[in-house]
Amino acid sequence: MMGQNTRVAAFAEQVGKRYLPARPASFWACEPLFRQLLDPQFAESVINDGLRAMVDDPRQAGNGGGHTMLLAQTPTWHLALQLLVRPRRYLHSNAGHALVAPLSGRSLTADLYELPAGFRNAVFDPGCRLERIGSQTVPAGDLLALRADGVIHDYRIDAPLLLLIFETAPLAVLEWQFSRETLHAWQFVAADRQVSDLKAAAWLAGRLAHQTSLKPLKALTRHVDPGVRWAALQSIGRLSRSEARKLLANALDDPHPLVRRAARQALDRGNPAPLGG
């Protein structure tokens, strides 16, 4: 990460005193700190500092990817500038708590969607449907407060818009994506990037088919994330059919219904790696 702007460094120090990850609600105590960054000069100063750092040291690569400039990051939160240039393809649930503010003297308008009563983040249900409940405009100098698995805000983008975003690490297991046309749940991704990395590693271990991978894959069948558990089961099917059958039988009692259903289907077909191809 590039050298921190002095105001960002001061912000990070104070957040460390107020936000206690074991108590997610303590995040909201940081709102006054965030508001102090919303003056018009802040974005200009941090962007210029970043440019100077990259000019002075070519190894100082930008960070955040795409249209995002990461200003500060810890394992439990991050602060970033993000340039919105077009609406997202899907409507996304909120994986963590966040404070979002428009910069450059412009307002931010969002359409609001409510998750259904009884929504369970960790159990994906294609029948789940959003309800549109109105819109909200945030004037320049003000902010949006987004709660994990709370009201979904779909930003209207008619011209590129710069946002300052302060967000926790994921508090939810999954980030759901909903169709704009039907408002029904379309797909999901793991909210925690480490989970995605573990799924990819499990998939690769199955393709390489080294017996030395069997022990760590068996450990992943006990992971908290259902996607990781199932990816590990699939790859074990490529390494040992007998081990896969035993673990699929155990998976009939998995806490997640999709894993239980897939395990039953795999055993009925006599194929311990039904999705592996």
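Residues numbered from 1 in each chain as written. Predicted model: local features only at pLDDT ≥ 70, side-chain atom pairs only at ≥ 80, totals over all residues. Heavy atoms only, no water.

Participant: Which parts of the structure should I look at to understand the pairing of strand 9 (residues 161-168)?
Facilitator: Every regular strand shows the same layout, with side chains that alternate between the two sheet faces. Of all the eight residues making up strand 9, seven are buried; the element is thus mostly covered by neighbouring parts of the structure. Here strand 2 (residues 77-84) pairs with strand 9 via eight bridges, running antiparallel. Among the inter-strand pairings, Leu84 is bridged to a residue of strand 9, identified as Leu161. Two elements, strand 4 (residues 98-102) and strand 9, share five bridges in a ladder whose sense is antiparallel. Counted as the bridge partner of Pro102 is Leu163 from strand 9. (Buried < 20%, exposed > 50% of the residue type's maximum accessible area, 1.4 Å probe, protein only. Helix = DSSP H or I, 4+ residues; strand = E, 2+ residues; numbered from the N terminus. Pairing = 2+ DSSP bridges.)

Participant: It is not clear to me how the packing of helix 7 (residues 241-251) against helix 8 (residues 257-269) should be interpreted in this structure. Could you clarify?
Facilitator: For any two helices packed against each other, the geometry comes down to the angle between their axes and how far apart the axes lie. The N-to-C vectors of helix 7 and helix 8 enclose an angle of 140 degrees; their axes lie 8 Å apart at closest approach. One finds that helix 7 runs oblique with respect to helix 8. For the element pair helix 7 and helix 8, the recorded crossing hand is left-handed. Contacts between helix 7 and helix 8 involve Arg245, Leu248, Ala249 and Ala251 from the first element and Val259, Arg260, Ala263, Ala266 and Leu267 from the second. (Axes fitted to C-alpha atoms, helices over the stretch in contact; angles between N-to-C directions. Parallel < 35°, antiparallel > 145°, perpendicular 65-115°, else oblique. Left-handed = near helix turned anticlockwise from the far one by under 90°. Contact = heavy atoms within 4.5 Å.)

Participant: Help me understand the nonpolar core in this model?
Facilitator: Generally speaking, nonpolar side chains in soluble globular proteins are found buried as a group. Counting residues in each nonpolar core, the largest one holds 28 residues, and the members touching the most others are Phe34, Leu79, Leu164 and Phe166. Looking at this core, the elements that each hand over two or more residues are helix 1 (6-18), helix 2 (31-35), helix 3 (40-56), strand 1 (68-74), strand 2, strand 4 and strand 9. Among the elements that make up this core, the one with the highest residue count is helix 1 (four residues). Apart from residues no more than four positions distant in its own chain, Leu164 is found in contact with Phe34, Leu37, Leu38, Phe42, Leu71, Leu79, Ala80, Leu81, Leu99, Val100, Ala101 and Leu103. Counting residues in hydrophobic clusters, the runner-up holds 22 residues, among them Val228, Ala232, Ala251 and Val259. (Core = buried A, V, L, I, M, F, W, Y, C linked by side-chain atoms within 4.5 Å.)

Participant: Please explain the confidence of the model for the protein as it appears in this structure.
Facilitator: When pLDDT drops low, the exact placement of atoms in the prediction is not to be read closely. Considering every residue of the protein, the mean pLDDT works out to 87; 90% of them sit at 70 or more. Across residues 273-277, where pLDDT falls below 50, the model places 11 contacts with residues more than four positions away in sequence or in other chains. (pLDDT = per-residue confidence, 0-100.)

Participant: What exactly am I supposed to notice about the packing of helix 6 (residues 226-239) against helix 7 here?
Facilitator: For the pair helix 6 and helix 7, the least separation of the axes is 7 Å and the interaxial angle reads 150 degrees. The angle between the axes of helix 6 and helix 7 places the two elements in the roughly antiparallel class. When you trace helix 6 past helix 7, the crossing you get is left-handed. Seen from helix 6, the contacting residues are Trp230, Leu233, Ile236, Gly237 and Leu239; seen from helix 7, they are Arg241, Glu243, Ala244, Leu247, Leu248 and Ala251. For the contact of helix 6 with helix 7, the per-class residue count stands at eight nonpolar, one polar and two charged. (Nonpolar A, V, L, I, M, F, W, Y, C, P; charged D, E, K, R; others polar.)

Participant: What is the right way to look at unusual backbone geometry in this model?
Facilitator: With glycine set apart, most residues show a phi of negative sign, and most peptide bonds adopt trans. The backbone of Leu183 shows a phi angle near 70 degrees, a positive value even though the residue is not glycine. Inspection of the secondary structure assignment puts Leu183 in the loop between strand 10 (174-178) and strand 11 (185-190). Here the phi dihedral of Ala209 falls at roughly 60 degrees; this positive angle occurs in a residue that is not glycine. Following the sequence through the fold, Ala209 ends up in the loop between helix 4 (193-208) and helix 5 (214-220). For Ala209, a relative accessible area of 38% corresponds to the partly exposed category.

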